[in-house]
Protein chains: 2
Amino acid sequence: MPQYKAPLRDVKFLMNEVFDYEGHYKQLSNGGEATPDMVDAILEGCATFCEEILSPINHSGDLEGCTFNDGVVTTPKGFKEAYAEYVAGGWQGLSHPTEYGGQGLPMSLNMMKSEMMGTANWSFTMYPGLSLGCMNTIMQYGDEKQKNTYLPKLVSGEWTGTMCLTEPQCGTDLGQIKTKADPAGDGTYKLNGTKIFISAGEHDMSENIIHIVLARLPDAPKGTRGISLFIVPKFLVNADTSVGTRNTVKAGSIEHKMGIRASATCVMNFDDAVGYLIGEPNKGLEAMFTFMNTARIGTAVQGIAHAELSYQGALPYAYERRSMRALSGKKDAEFTADALIHHGDVRRMLLTQKAVAEGGRSMIYHAAKLADNMVNGILENNQAKYEDYDNRLGFYTPILKGFLTEMGLEAANLGMQVFGGHGYIKEHGMEQIARDARISTLYEGTTGIQALDLLGRKTLLQTRGKCVFEFTSEMIDEVKGHLLDGGPMGTMARALFKRALQWKWSTLRIMLRANKDRDVVSTSCYDFMMYAGFVMMGHFWFKQAKVASQKLASGGKETKEFYTSKIQTAEFYFDRLLPRADGHYKGMMATSQSIMQINKDHFVMN
Amino acid sequence: MPQYKAPLRDVKFLMNEVFDYEGHYKQLSNGGEATPDMVDAILEGCATFCEEILSPINHSGDLEGCTFNDGVVTTPKGFKEAYAEYVAGGWQGLSHPTEYGGQGLPMSLNMMKSEMMGTANWSFTMYPGLSLGCMNTIMQYGDEKQKNTYLPKLVSGEWTGTMCLTEPQCGTDLGQIKTKADPAGDGTYKLNGTKIFISAGEHDMSENIIHIVLARLPDAPKGTRGISLFIVPKFLVNADTSVGTRNTVKAGSIEHKMGIRASATCVMNFDDAVGYLIGEPNKGLEAMFTFMNTARIGTAVQGIAHAELSYQGALPYAYERRSMRALSGKKDAEFTADALIHHGDVRRMLLTQKAVAEGGRSMIYHAAKLADNMVNGILENNQAKYEDYDNRLGFYTPILKGFLTEMGLEAANLGMQVFGGHGYIKEHGMEQIARDARISTLYEGTTGIQALDLLGRKTLLQTRGKCVFEFTSEMIDEVKGHLLDGGPMGTMARALFKRALQWKWSTLRIMLRANKDRDVVSTSCYDFMMYAGFVMMGHFWFKQAKVASQKLASGGKETKEFYTSKIQTAEFYFDRLLPRADGHYKGMMATSQSIMQINKDHFVMN
């Protein structure tokens, strides 16, 4: 069973050595409190909480799952107690304003916290994770009364929140939603409809649950321009913010899912439920976009979480389990067979997991800095700053969400593979990771939706390629001083230089082709996104290797092995994973013909 | 819920139009009965059995799973009855000798049967599937008395069989097995030990279970050269072949697995269990190799089975579910949104599933002809013929098992992906397919073991590259008349021609490198096998497209759409999937350094 150990050395390498988080926090309007000592204390406290409280109930939570009985959802043994400790530790309000009881720290620290918590126990982390969307919505669009009514207890974690978007007939295409909100005459609304796939929609861990619900006013225009946002609390809140009458929003059932079984996924029925309009009428879907990027990056974290946990499970097994002899001769002569770690193909699998987990983490840590600045734009009421950073983040978002969750799923499956047949057995805990990981490419926008967002929206419509051209320029700046280097740094620099030119040029080609054939956007987008992911991860592996080789060059023996391992993992990435960009390159450069020409009725003929 | 429909049109296309099975059966010593009418009747009868009996209990079998109670295993509702129908229909003995009550038909028909049965319900198909290994072993190595004692009821299906190989400490590396067999003094043996992962080890569907057990005699040499084979029946068999005393082989528990939950995977405890030596002492592992290729190809079938079923589940959903508008403009103007089938990225996923299922099926059907000839070598006591065909088959085996199961898992996951979030919910049946598929890359030799077998054993050790050179010559023969063709046939022919040269040349390079650095075999083998798979599937897609375009050219309108769809699927394969060979090409051509250099203790450092 994988026992989670927070990768603090790697976290500190990225924060202190690669991304200068100390300098970054100093220039943030809400970064003053995030001193290195404070950051260390938070990360170490969080690590302890994850290792000692969340990790031990990850596997048991999967086996037990949530149970549903007449509208009541019971979470697995230990979850309620763990959540109480989470609240007592003040973890929920880490990045939320002090005026509502939070600690007002930068959002990036919350992402780091989420990664640790999610790796230890993704199902658990869903509950407080869903509250974030609710809190952000109220903070951004609520009036003073709404903020004062809901935020203090959401920030403390005494209450949790949800986002009620999906309905049976639509998930991606929210323009189709039907839930209605009729004015009750007293300023409140009566909501009627059914929402599905509502994570944390009902559970036994908090006193109240505050739902943010997308619904239509009676006179609303059709489609996406007629959707408004409502606050619908499970229990109505009294004037003194104590919990009052039970509202008529009820869980009708919970879903039986492949994984994340300890996370309650609810069907929520609204029967004349009391709701409060939040934000402007009919602007609900636009409001959803404010924190879309950070929410999606929150899901991108799941890719590295499952890669990391599966790696932490597979590595000890590769040390212990013995099978056959290494091809280059006996390694453990005193035993009848060599440990798996000596076999090249097992190393390939482990290094793939390591490269995905650490490479993905560095991508997230970079994006988290942009998110901090975006939030500063909001805090400073500086719309231009908000938009600038939100746009920059918007380029990374679909790549991180789309690519990292696909790679995380692959890495989770490789961890099972290291175990051989034992990986398929529940008691080892490896197959749970693959099942939990499987949701990550589906929710918060499927891989296909991320791909369309990247190529269609971000690259073609919004920036006419500029987002790619800027990133490839950054890539070239990063490597240009190393093109003539010997050794791995030179090899990697030249590889990235070529990829930067290739990506830029191919984006231009696809843009030109899409002008004539709009189907190209949907037939090329998946390969374009995966290509982007492989190249971008290469860029961030290069950054890490560069810092590591500088550290090695400047002496300092104590962690020589750490830096060597970083460079060697980067070499592995460039040798074995980055080449997969070639297949995606050819895919994205193909015309739409081989996908679109087949008559829709000729897919199967009997 | 996917309702299985046997792809009979595709089956007949392959049998009659691509592979000339009629001619093939005519030249087999056991092919006389396999007339076209007989073959059609078998395929259609099997299709009905699969569609009406096996498919309806596939999902319920997963939900219910097997239950274990004090040594007794109960299969899910309907399994026992379905098995009784299977026996009554005479399906088990299809390819087994008439002298033991079978129908004596070629083995290929059994593979086609297994594909249909396995697609409809893989868990069910495991039970009779395991009997095959047992029957083949007794047929090949048993003495007359053993044959007469066990074969008639195994061939009829009244009894089932197992293969007891794996032990807790070893699966791949059978040299480590510890189960002991001590002579009892009366010509029988007392077996003691524990076997794990024994599929169909215990269940309630048959009167008796005949275990083939690998164990060590007291004086056996260490390692693989000291393993003997034993027959250990659940109930000892009386002289009149009626069932006698209960033997002391008992199921200790069943495994809780990620998938194939209706297949009982047992821990089998042997406590002085009565066993009968079969074959020569200490030659047990060699005997296992006789049917290794066909057993592994039986598992390769699982790749196409899950790709096919997931495709059959995803396609109707893509017709029904509506989301957004197609990028090239409204397609279903009368609805608020277009069906998924109009979206390029959804088509990409569906076509990938189709290309894997149909491309993989053609690879299996080709290999099945070799298997028929191999079996003829055995039936005719023609060792040279047996070896010739077994060697030929041996080249395909690891590619089919390794590549097709990896692609089948990917295809099963794509079917979930088409469903979006709904794919993750058990009731739709799509996630079951992905869970069931997950075992296929683990058992019967993991993907890594297949890869080592292909590159290390088959390519380097046994043939010094000849197996690849012969196959690439076949590829060139296939395409050489089409290199100057216009249209898709010319494009595909030229692509394959280049791949044939590239594969041949790169195999030479890897051989030279492996002479100096034996680790290269284990660091390159996975990419080599995947590369081989992509190229080989291209070859078989070309074959299908060639036949289809000949049929189109020769007129005959009634199935024009079928042939057009074949050619278009081949085009898709060449445009979007074959390019993935490029990434694997670079991986296999890399030195071992980036995988082997990292110190085994430096994978994680905290």
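Residues numbered from 1 in each chain as written. Chains lettered and ligands numbered in written order. Predicted model: local features only at pLDDT ≥ 70, side-chain atom pairs only at ≥ 80, totals over all residues. Heavy atoms only, no water.

- Looking up chain A in an unreviewed UniProt entry gives the name 3-methylmercaptopropionyl-CoA dehydrogenase, with the organism given as Aquabacterium lacunae.
- You can read under Cofactor (unreviewed entry) in the UniProt record for chain A the words "FAD". (UniProt positions renumbered as here; feature names shortened; annotations may be inferred.)

### Overview of the overall build of chain A
Okay, step 1: Looking only at helices and strands, chain A has 20 helices and eleven strands in total.
Okay, step 2: Expected size for 606 residues packed as a compact globule is a radius of gyration near 25 Å; at 25 Å, chain A falls within 12% of this value.
Okay, step 3: Its C-alpha atoms put chain A at 80 × 65 × 60 Å along the principal axes.
Okay, step 4: Within chain A, buried positions represent 65% of all 606 residues.
Okay, step 5: In chain A, the share of contacts with a sequence separation of at least 24, taken over all contacts with a separation of at least 6, comes to 75%.
Okay, step 6: Of note, chain A has its 63 positive side-chain charges centred 6 Å away from the centre of its 67 negative side-chain charges. (Helix = DSSP H or I, 4+ residues; strand = E, 2+ residues; numbered from the N terminus. Rg over C-alpha atoms; globule rule 2.2 N^0.38 Å. Buried < 20%, exposed > 50% of the residue type's maximum accessible area, 1.4 Å probe, protein only. Contact = heavy atoms within 4.5 Å. Lys, Arg positive; Asp, Glu negative; His and termini not counted. Charge placed at Lys NZ, Arg CZ, Asp CG, Glu CD.)

### Thoughts on the interface of chain A and chain B
One widely used convention gives an interface's size as the accessible area the parts lose upon coming together.
Okay, step 1: Facing 104 residues of chain A, the contacting portion of chain B comprises 104 residues.
Okay, step 2: Of the roughly 8,800 Å² buried where chain A meets chain B, counting both sides, 57% is carbon and sulfur surface.
Okay, step 3: The three residues of chain A that bury the most area against chain B are Tyr424, Arg576 and Phe603 of chain A, which together make up 10% of that side's buried surface.
Okay, step 4: Where chain A packs against chain B, one counts four salt bridges.
Okay, step 5: A salt bridge links arginine 576 of chain B to aspartate 527 of chain A, with the shortest nitrogen-to-oxygen separation between them at 3.8 Å.
Okay, step 6: Counting across the chain A and chain B interface gives 54 residue pairs in polar contact (both at pLDDT 80 or more).
Okay, step 7: Considering every element that reaches the side of chain A that touches chain B, the biggest residue donor is helix α18 (residues 560–577) of chain A, with nine residues.
Okay, step 8: In terms of residue class, the side of chain A that touches chain B is made up of 38 nonpolar, 36 polar and 30 charged. (Buried area = accessible area lost by both parts, 1.4 Å probe. Salt bridge = Lys/Arg side-chain N within 4 Å of Asp/Glu carboxyl O. Polar contact = N/O pair within 3.5 Å; in protein donor to acceptor, adjacent residues only side chain to side chain. Nonpolar A, V, L, I, M, F, W, Y, C, P; charged D, E, K, R; others polar.)

### Things to note about the UniProt feature "domain: Acyl-CoA dehydrogenase/oxidase N-terminal" (unreviewed entry) in chain A
Okay, step 1: Mapped onto the present numbering, the UniProt feature "domain: Acyl-CoA dehydrogenase/oxidase N-terminal" (unreviewed entry) falls at residues 44–158 of chain A.
Okay, step 2: Helix makes up 65% of residues 44–158 of chain A and strand 5%, and the two end C-alpha atoms of the span are 24 Å apart.

### Regarding the pattern of salt bridges
Okay, step 1: According to the stated counting rule, one finds 66 salt bridges over all chains in the structure shown.
Okay, step 2: The partner of glutamate 308 of chain A in a salt bridge is arginine 361 of chain A, with the nearest N and O atoms 2.8 Å apart. In this pair, glutamate 308 of chain A is assigned in helix α10 (residues 292–320) and arginine 361 of chain A in helix α11 (residues 344–379), connecting sequence segments 53 residues apart. With respect to class, glutamate 308 of chain A is no different from arginine 361 of chain A; both count as buried.
Okay, step 3: With a shortest N-O distance of 3.6 Å, glutamate 22 of chain B and lysine 26 of chain B are connected by a salt bridge. Of the two residues, glutamate 22 of chain B and lysine 26 of chain B both sit in helix α2 (residues 21–26), four residues apart, roughly one turn of that helix.
Okay, step 4: On the basis of relative accessibility, which here comes to 66%, the residue lysine 26 of chain B falls in the exposed class.
Okay, step 5: Each of Asp10, Glu115, Glu308, Lys354, Glu358, Arg361 and Lys566 of chain A takes part in a single network of salt bridges with overlapping partners.

### Observations regarding the domain arrangement of chain A
Residues and elements named next belong to chain A.
Okay, step 1: When the domains of chain A are assigned, the result is domain 1 (8–288), domain 2 (291–445) and domain 3 (455–596).
Okay, step 2: At the interface, seven residues of domain 1 touch nine residues of domain 3.
Okay, step 3: At the boundary of domain 1 and domain 3, one finds three residue pairs in polar contact (both at pLDDT 80 or more).
Okay, step 4: Looking at the side of domain 1 that touches domain 3 residue by residue, the class counts come to four nonpolar, no polar and three charged. (Domains from an automatic or database assignment.)

### Some points on the relation of the copies chain A and chain B
Okay, step 1: When chain A is brought onto chain B, the operation consists of a screw motion whose angular component is 180° and whose axial shift is 0.0 Å, with 0.0 Å RMSD remaining. The operation mapping one copy onto its partner corresponds to a two-fold rotation axis.
Okay, step 2: Comparing interface residues between copies, 100% of those in chain A also lie at the interface in chain B; the contact surface is shared. (Least-squares fit on C-alpha atoms with pLDDT ≥ 70 in both.)

### Quick word on empty space enclosed by the protein
Okay, step 1: Counted under the stated rule, the structure contains four cavities of 30 Å³ or more.
Okay, step 2: Each pocket or cavity is described by its volume, and for the largest cavity that value is around 70 Å³.
Okay, step 3: Surrounding the largest cavity, Met258, Leu409, Asn413, Ala434 and Arg438 of chain A together with Met258, Leu409, Asn413, Ala434, Arg435 and Arg438 of chain B form its lining.
Okay, step 4: Contributing elements (two or more residues each) for the lining of the largest cavity: α12 (383–418) and α13 (430–438) of chain A together with α12 (383–418) and α13 (430–438) of chain B.
Okay, step 5: The greatest single-element share of the lining of the largest cavity, amounting to three residues, is contributed by α13 of chain B.
Okay, step 6: Residues belonging to the lining of the largest cavity are distributed by class as follows: six nonpolar, two polar and three charged. (1 Å grid on protein atoms, 1.4 Å probe; cavity = no way out; pocket = protein on both sides within 12 Å on 5 of 7 lines; lining within 4 Å. Points joined across faces, edges and corners; volume = space filled by probe spheres on them.)

### What about the packing of aromatic side chains?
Okay, step 1: For the structure shown, the criterion picks out 46 aromatic pairs over all chains.
Okay, step 2: Ring centres 5.9 Å apart and planes at 55° place the aromatic pair phenylalanine 79 of chain B and phenylalanine 124 of chain B in the tilted group. Residue phenylalanine 79 of chain B is located in helix α5 (residues 79–88), and its partner phenylalanine 124 of chain B is located in helix α7 (residues 122–141); the two are separated by 45 residues in the primary sequence.
Okay, step 3: Overall, phenylalanine 79 of chain B belongs to the buried group, its relative accessible area being 0%.
Okay, step 4: Assessed through its relative accessible area of 0%, phenylalanine 124 of chain B is described here as buried.
Okay, step 5: Over the aromatic face of tyrosine 526 of chain A sits the side chain of arginine 348 of chain B, whose NZ or CZ is 3.5 Å from the ring centroid.
Okay, step 6: Here the basic side chain of arginine 392 of chain B rests over the ring of tyrosine 389 of chain B, its NZ or CZ set 4.4 Å away from the ring centre. (Phe/Tyr/Trp six-rings, centres within 6.5 Å; stacked < 30°, edge-to-face > 60°. Lys NZ or Arg CZ within 6 Å of the ring centre and 35° of its normal.)

### Some points on the pairing of strand β9 (residues 243–246) of chain B
Residue and element names in this part refer to chain B.
Okay, step 1: Across two bridges, strand β8 (residues 235–237) lies against β9 in antiparallel orientation. Residue pairing across strands places phenylalanine 235 opposite arginine 246, the latter belonging to β9.
Okay, step 2: Between β8 and β9, which pair antiparallel one after the other, the connecting turn spans five residues, and threonine 241 there sits at a positive phi close to 65°. (Pairing = 2+ DSSP bridges.)

### Regarding the UniProt feature "domain: Acyl-CoA dehydrogenase/oxidase C-terminal" (unreviewed entry) in chain A
Okay, step 1: Under the local residue numbering, the UniProt record ascribes the feature "domain: Acyl-CoA dehydrogenase/oxidase C-terminal" (unreviewed entry) to residues 282–453 of chain A.
Okay, step 2: Taken end to end, residues 282–453 of chain A is 72% helix and 0% strand, and its first and last C-alpha atoms sit 23 Å apart.

### Details of unusual backbone geometry
Okay, step 1: The phi dihedral of isoleucine 260 of chain A is positive, around 35°, even though this residue is not glycine.
Okay, step 2: With respect to the helices, strands and loops of the structure, isoleucine 260 of chain A is situated in the loop between β10 (249–254) and β11 (265–278).
Okay, step 3: A positive phi angle is found at asparagine 381 of chain B, which is not glycine, with a value near 50°.
Okay, step 4: Within the secondary structure, asparagine 381 of chain B sits in the loop between α11 (344–379) and α12.
Okay, step 5: On the basis of relative accessible area, asparagine 381 of chain B is assigned to the exposed category, the value being 74%.

### Here we look at the packing of helix α1 (residues 8–18) of chain A against helix α3 (residues 36–54) of chain A
All names here are of chain A.
Okay, step 1: Between α1 and α3, whose axes approach to 11 Å, the crossing angle comes to 155°. Compared by their axis directions, α1 and α3 come out roughly antiparallel. Between α1 and α3 lies a crossing of right-handed hand. Judged by residue contacts, Leu8, Val11, Lys12 and Met15 of α1 engage Val39, Asp40, Leu43, Glu44 and Ala47 from α3.
Okay, step 2: In the contact of α1 with α3, the residues fall into six nonpolar, no polar and three charged. (Axes fitted to C-alpha atoms, helices over the stretch in contact; angles between N-to-C directions. Parallel < 35°, antiparallel > 145°, perpendicular 65-115°, else oblique. Left-handed = near helix turned anticlockwise from the far one by under 90°.)

### Describing the side chain of serine 228 of chain A
Residue and element names in this part refer to chain A.
Okay, step 1: Residue placement: serine 228 occurs in strand β7 (residues 228–233).
Okay, step 2: Here asparagine 282 takes part through its backbone nitrogen, which lies 2.8 Å from a polar atom of the side chain of serine 228.
Okay, step 3: Not counting residues up to four positions away in its chain, the partners in contact with serine 228 are Val213, Leu214, Ala215, Leu217, Leu277, Pro281, Asn282 and Gly284.

### Some points on the pairing of strand β3 (residues 159–164) of chain A
Residues and elements named next belong to chain A.
Okay, step 1: Of all six residues making up β3, six are buried, and the element is well covered by its neighbours.
Okay, step 2: Sheet analysis places β3 next to strand β6 (residues 208–215), joined by six bridges and oriented parallel. Paired with cysteine 164 across the bridge in β6 is valine 213.

### Brief notes about the environment of serine 524 of chain B
Okay, step 1: Summarising the element assignment, serine 524 of chain B is placed in helix α17 (residues 519–553).
Okay, step 2: As for serine 524 of chain B and leucine 455 of chain B, which are separated by 69 residues in sequence, their C-alpha atoms are 8.3 Å apart.
Okay, step 3: Setting aside residues no more than four positions away along its own chain, serine 524 of chain B makes contact with Arg576 of chain A together with Leu455, Gly587, Met588 and Ala590 of chain B.

### Some details on the packing of helix α16 (residues 487–516) of chain B against helix α18 (residues 560–577) of chain B
Residues and elements named next belong to chain B.
Okay, step 1: Across the interface, α16 lies against α18 with an axial gap of 11 Å and an inter-helix angle of 40°. By the angle between their directions, the pair α16 and α18 is classed as oblique. The handedness of the crossing between α16 and α18 is left-handed. In this structure, α16 uses Pro488, Met492, Ala495 and Leu496 to contact α18, whose residues at the interface are Ile567, Ala570, Glu571 and Phe574.
Okay, step 2: Its residues assigned to classes, the contact of α16 with α18 shows seven nonpolar, no polar and one charged.

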